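# Structural description and commentary
In case you want the letters, here they are:
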Amino acid sequence: MTRLRRTATAAAALAFTAAATAVLGFAGPASAHVTVNPKEASQGGYARVAFRVPNESDTASTTKLEVVLPENAPVGSVSTMPVPGWTVTTEKRKVDPPIEVHGSQLTEAVSKITWTASGDAGVKPGQFQEFPVSMGPLPQVDSMVFKTLQTYSDGNISRWIDEPAPGAEEPEHPAPVLTLAAAATPAGSATPTAAVASPDDDDDDDGNGLAVGLGVAGLVAGLAGLVLGGLAFTRTRREPVAKA
């Protein structure tokens, strides 16, 4: 009886371990997917973003990255930053209507960017690599979804192509998403308004001027009185006193 209990307990433990391994193995890859950083930018502006690529394999290196730009949100200007040990190529497609960039009408837009590792430059196990891109003007949409393929040296390919659904959980292989916020409206400059003097203000100004004038006149008259008084006093002292 005791042996049967031990056997049942061991079987249950093995089953739990297998289930936990399966769950962790399923969740592991999804937690280290390709992302775009920063995750937000402004509509109509230019942005420098970087596709961050973690290596999920324990034995193989990431040797190729393909990023597809969304067809419903074409961008007129796309440029890449050199990544040591990697070569980059771009593909274009026709766009209709054309994209306006600095007054020019562009009929083509970049549709895909591909980075390929040279020699031993691949992203090794336990490492990650960023691939910077400058793009703009960013389209007038809520978000841009970049479907991405990550190729390993052993031939395996991780397809990060699942688009997010509003209100749903993150998909198993989510595509990088750049959220676009509406551009802030510049504050309008205030129109200067000419100051208009009211009749009351004019009356106040006239009254104040009159008061100031009277004060000055009074001050002058007072000074004149002092001068005349001083002269009279001096003359009195100089005249001889009459004898009786």
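Here we summarise the structure given alongside this text. (Residues numbered from 1 in each chain as written. Predicted model: local features only at pLDDT ≥ 70, side-chain atom pairs only at ≥ 80, totals over all residues. Heavy atoms only, no water.)

## Overview of the sheet that holds strand β2 (residues 40–42)
Inclusion rule: A pair of strands is labelled paired if DSSP reports no fewer than 2 bridges between them. Strands are runs of DSSP state E lasting at least two residues, helices are runs of H or I lasting at least four, and both sets are numbered from the N terminus onward. As a rule, the C-alpha atoms of each element are fitted with a line to give its axis, helices using only the stretch in contact, and angles between N-to-C directions run from 0 to 180 degrees.
Here three strands make up an open sheet; going across it, the order is β2-β12-β9 and the pairing mixed. Both outer strands of the open sheet, β2 and β9 (143–145), are each paired with one neighbouring strand and no more. Sheet twist, expressed as the average angle between the axes of neighbouring strands with direction ignored, equals 25 degrees.

## So, the environment of I161
The condition that has to hold: Whether two residues are in contact is decided by their heavy atoms: any pair within 4.5 Å suffices.
Topologically, I161 is positioned in the loop between β11 (157–160) and β12 (177–181). C-alpha of I161 to C-alpha of V67: the two residues are 94 residues apart in sequence and 9.9 Å apart in space. Setting aside residues no more than four positions away along its own chain, I161 makes contact with K147, T148, L149, H173 and A175.

## Let's talk about the sheet that holds strand β1 (residues 35–37)
Strand order across the open sheet formed by four strands is β1-β3-β8-β5, with antiparallel pairing between neighbours. Every other strand in the sheet has two partners, leaving β1 and β5 (77–80) as the edge strands with one partner each. When the angles between neighbouring strand axes are averaged without regard to direction, this sheet yields 30 degrees.

## Notes on the packing of aromatic side chains
Formally: Ring pairs are drawn from Phe, Tyr and Trp, using the six-membered ring of Trp, whenever the two centres fall within 6.5 Å, and their geometry is named by plane angle: stacked under 30 degrees, edge-to-face over 60, tilted for the rest. Note on classification: 1.4 Å probe, protein chains only; a residue is buried when its accessible area is under 20% of the maximum for its type, exposed when over 50%, partly exposed between these limits.
For the structure shown, the criterion picks out four aromatic pairs. Look at F51 and W115: their rings are 6.4 Å apart centre to centre, the planes differ by 50 degrees, and that puts the pair in the tilted class. Taken together, the positions of F51 in strand β3 (residues 47–54) and W115 in strand β7 (residues 104–117) put the pair 64 residues apart, joining distant regions of the chain. With respect to class, F51 is no different from W115; both count as buried. Centre to centre, the rings of W115 and F131 are 5.1 Å apart; their planes meet at 45 degrees, and the pair counts as tilted. Of the two residues, W115 is situated in strand β7 and F131 in strand β8 (residues 128–136); the sequence distance between them amounts to 16 residues. There is no split in this pair, since W115 and F131 are both buried. Three or more aromatic residues joined by ring pairs make a cluster, and in this case those are F51, W86, W115, F131 and F146.

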